[in-house]
Amino acid sequence: MKQPKSKVKEELDSRTECGRSASIFHADIHCFVSTFASQKYSGCIFGRVVRHNNPRERFGTRADSALLRVADAPQEMANAHWKYMRVGLQEDDDEEEVMVDILEERRQSSDIGHALRTFRTHPYRGAAPCSASQLNAAVLASQDVCRVMVEVAMETQAPLEAVREQAVAILEEMSQNLQLGFVRLMGFMLSKVLKRLYSSIYVNMEAVHMLQQAVEDTPVILLPNHRSYTDFLVLSYIMFTYDIPLPVIASGLALAGMKFMGEMLRRCGAFYIRRDIASNRLYCAVLSEYVKSLVRTGFAPVEFYIEGFRSRSLKSLTPKLGMLHMVLDPYFKGEVSDITLVPISLSYDRLLEESLLARELLGIPKPKESTMGLLRVARVLREDYGCMHVNFGRPVSARQLCQGNIEPLISIEDPQRPSEEKQARVSRLAHLMVRIQERGSFTSLWSLMACLLLQWPPSVLTQTGLPWRQLAERTLWIKKLALNFGARLNWPGHVPDLEVMSLAVALHYPSVRLKAERVFLVVKEEDEVAGRQLISTGDDVARMAEPMLMMASYRNQSLHLFVRPALLAMALSLSRSDRRDEIFASFCFLQNVFRSEFIFIPGEAAKDFEEACYLLKKCGALDVIGPQEMSLSEGGVEVLSFLRAVLKPFIDSYRVMLRFLSDQDAYVITEKDFLPAVRSLATKLILSGDLHTYETLSSDVQKNVLSALRRMAALTKLKASEKEYRVDKDAVRRIERTLYAPD
């Protein structure tokens, strides 16, 4: 449903009234929220209907999402009551949100006509396209790049012209070369491919219209989550479909090596960035100036993944700050009047890379990106991957997120080292953007079913199977709980619940099968286990690990709904007390331990605790006796048991690794030795029946444990290049003891 022009104009006018100077990022998250929010709400988020506008009349339910709560008064904390404010996602409580299937029209009209139609865009201030050579010349002529070239020449004793040639080579390797002819060719190809892969691709149209307006008034930064290689292709396809200027996209350099496809992606807007560039001053300077030049010219939105990498576990990753600093710098220096940030949530029923992701988590290197490799996996076109949701967030003005105090954000002397205060401010903003992405994501039915399946012993799933009716009843129960916790659910309407669940199981046939009214986990035969020689595990464990981690990844898509109440449920066990302050202390301890696993906005622990209290009270699992006392309710055993089971794989995995560190004789470890040793220990425990979770084998979980122990001063890094750590065994044992809760 298209938003009225006057309403869009009113929204943009309200954004431009706030703040008049190119000031620094000063306020904390409360100010971020209050300067942008337009309305306030009391109470919690509730699921609501989202109208899927296509002939199939598919429906979903959603939360009143992207609402951050503000709870300044201690009394509000005591009563587990707070206010929500609109921050990032386009919502309207009085109207249904319309999701349009963009593939429906493609199935009824000409793909070549769509690709060759007139493409009319309205870029920022009518900016003309900037050629690659013009942009590169501007970067080489900039003061910052010239200064760094002189400094590098002096440090390396190399001729200045030789250093300049290095900078030219960096730009040639990096720069995009956006050309409409190649965009049309890619659009035609994508129309064919996407119709084969997905039954529907739903887009929220009101937010698209707001984006169309935003790109005319300010430079726009697109911040999608990253779950699949198709993410950036689908976003560019949507923007091409709705006459929005095509984005220039930060991409990994590995894609540039793909013959034909690498150059085609470059001509569709991709610019390529190397990994691990911190030690290369010249490269950092050229990249920083290149990104800032893209923002200043404003001829195209800039798109990058704020998480930095594709999430192999399908959980949100801790955001990276480098690119965010770069894109905000032109505003902070007064070179543009404002910058608009647009968080985007992409949700998939089923991922193309599902088995590849599981293998990567088991330590099997991913195949090198190549055009031939892409052609070899053309069999994916014969598969059904369900539907996809692309939820554009409400455009967020950088100017409204700033206050009037001026401070240099990036010093002239060292552009790569912002102040600690500035780093903290940008970190909070980055975490906020990821939280908005989580709020805007659509939870699939299979994700909820995976939550339940993983709470059963693997032997049941492989040998006797889980009774279908039992799984169906529990799925309907968890659906209700998810809606109470604010989920946006992708649940078709006018279809019997059992049929909807049967279709979800059928879609994920590589993982599970429904046979004789029982659900079985699909385990590959021994000769089918790809790369098993690369996994230092027993054959039986290796065969089970891939489907179990694949299922865990789908479960992870819904963890953001449950993690805060789950932490509170576990804190109630750890604290062994009814006192609010002691329970809160345990809650904060758990948040600190799992800060690398889940997204928590820095400094927001008290409000996360309030949210968890409210949700548990709302579903009848918690009784708040007074300002300083709370207890479990008699009717909340089922909810609390489920929530603790959600966290159990992570608790058990962390315990295994803590036990390994405390029991070994060495006081110094390297990451290279730690990962295979922990995997070997986990394998023995699984084979002996002492460990039931396969997530201990995940390299992501293993690295997150190291990150947590460093943050909690149980590990101290000795040599940055070798990833060597000194172990404080006393600290490790204290953490291990604290994590043990009575059953």
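Up top you'll find the structure we're talking about.
To keep things clear, this report deals only with the structure shown in the data block. These numbers were taken from a predicted model, which means no experiment stands behind them.

1. Structural notes on empty space enclosed by the protein
A complete count under the given rule lists 10 cavities of 30 Å³ or more for this structure. Around the largest cavity, the lining is made up of 23 residues, and of these R227, L314, N556, Q557 and H560 lie nearest the centre. Those elements that provide at least two residues to the lining of the largest cavity are β12 (340-348), α17 (420-440), β15 (443-444) and α23 (559-575). Considering every element that reaches the lining of the largest cavity, the biggest residue donor is α23, with four residues. Residue composition of the lining of the largest cavity, by class: eight nonpolar, 10 polar and five charged. By volume, the second largest cavity amounts to about 140 Å³. Considering the residues around the second largest cavity, the lining is formed by 15 residues, among which M186, L190, S236, L246 and C268 are closest to the centre. Those elements giving two or more residues to the lining of the second largest cavity turn out to be α9 (180-197) and α11 (231-241).

2. Quick word on the sheet that holds strand β19 (residues 518-521)
Spatially, three strands are ordered β16-β19-β18 in an open sheet, and the strand pairing comes out antiparallel. Whereas interior strands pair on both sides, the edge strands pair on one side only; in this sheet they are β16 (466-467) and β18 (512-515). Two strands pair when backbone bridges link them, and β18 and β19 are joined in this way by four bridges, in the antiparallel orientation. Bridge pairing in β19 places K515 opposite R518.

3. Brief notes about a nonpolar patch on the surface
Residues V150, M154 and L160 make up a contiguous nonpolar surface patch of roughly 290 Å² in combined accessible area. In this structure, L160 sits in helix α8 (residues 160-174). Overall, the relative accessible area of 46% leaves L160 in the partly exposed class.

4. Things to note about the pattern of salt bridges
Close approach of charged atoms lets side chains of opposite charge pair. Here the structure, examined in full by the defined rule, presents 36 salt bridges. With a closest N to O distance of 2.4 Å, R312 and D700 form a salt bridge. Taken together, the positions of R312 in the loop between β11 (302-303) and α14 (322-332) and D700 in helix α28 (residues 699-711) put the pair 388 residues apart, joining distant regions of the chain. Through salt bridges that share partners, D144, R147, E151, E155 and R281 make up one connected network.

5. Topic: the pairing of strand β7 (residues 200-204)
In summary, the side chains of a regular strand alternate between the two faces of the sheet. Of all five residues in β7, five are buried, a share of seventy percent or more. Here three bridges tie strand β6 (residues 97-101) to β7, and the two strands are oriented antiparallel to one another. Note that in β7 the partner of D101 across the bridge is Y202. In the sheet, β7 pairs with strand β13 (residues 387-392) via four bridges, with the strands oriented parallel. Bridge pairing links Y202 to H389 in β13.

Calculation notes
- Along each chain, numbering runs from 1 in the same order as the chain's sequence is written.
- Totals for whole chains, interfaces and linings use all residues, but because this is a predicted model, local features are given only for residues with pLDDT of at least 70 and pairs of side-chain atoms are given and counted only at 80 or more.
- Only heavy atoms go into the side-chain values, all of them from the structure, while hydrogens and water stay out.
- Each cavity reported here is a set of points on a 1 Å grid over the protein atoms alone in which a 1.4 Å probe fits but cannot get out, each pocket an open set with protein on both sides within 12 Å along at least five of seven lines, and each lining residue one with an atom within 4 Å of a point.
- Grid points are joined across faces, edges and corners, and a volume is the space filled by probe spheres set on the points.
- Helix and strand assignments follow DSSP, with helices taken as H or I runs no shorter than four residues and strands as E runs no shorter than two, numbered in order from the N terminus.
- Here the term charged refers only to Asp, Glu, Lys and Arg, the term nonpolar to Ala, Val, Leu, Ile, Met, Phe, Trp, Tyr, Cys and Pro, and the term polar to all other amino acids, Gly among them.
- Here, a strand pair is defined by DSSP locating no fewer than two bridges between the strands.
- Distance thresholds for patches are 9 Å for like charges and 5 Å for nonpolar side chains (Val, Leu, Ile, Met, Phe, Trp, Tyr), applied to residues having over 30% relative accessible area and no salt bridge.
- Computed by Shrake-Rupley with a 1.4 Å probe, the accessible areas treat only the displayed protein chains as cover when residues are assessed.
- When a carboxyl oxygen of Asp or Glu is within 4 Å of a side-chain nitrogen of Lys or Arg, the pair counts as a salt bridge.
- The buried label applies to any residue whose accessible area, calculated with a 1.4 Å probe on protein chains only, is under 20% of its type's maximum; exposed applies above 50%, and partly exposed to all values in between.

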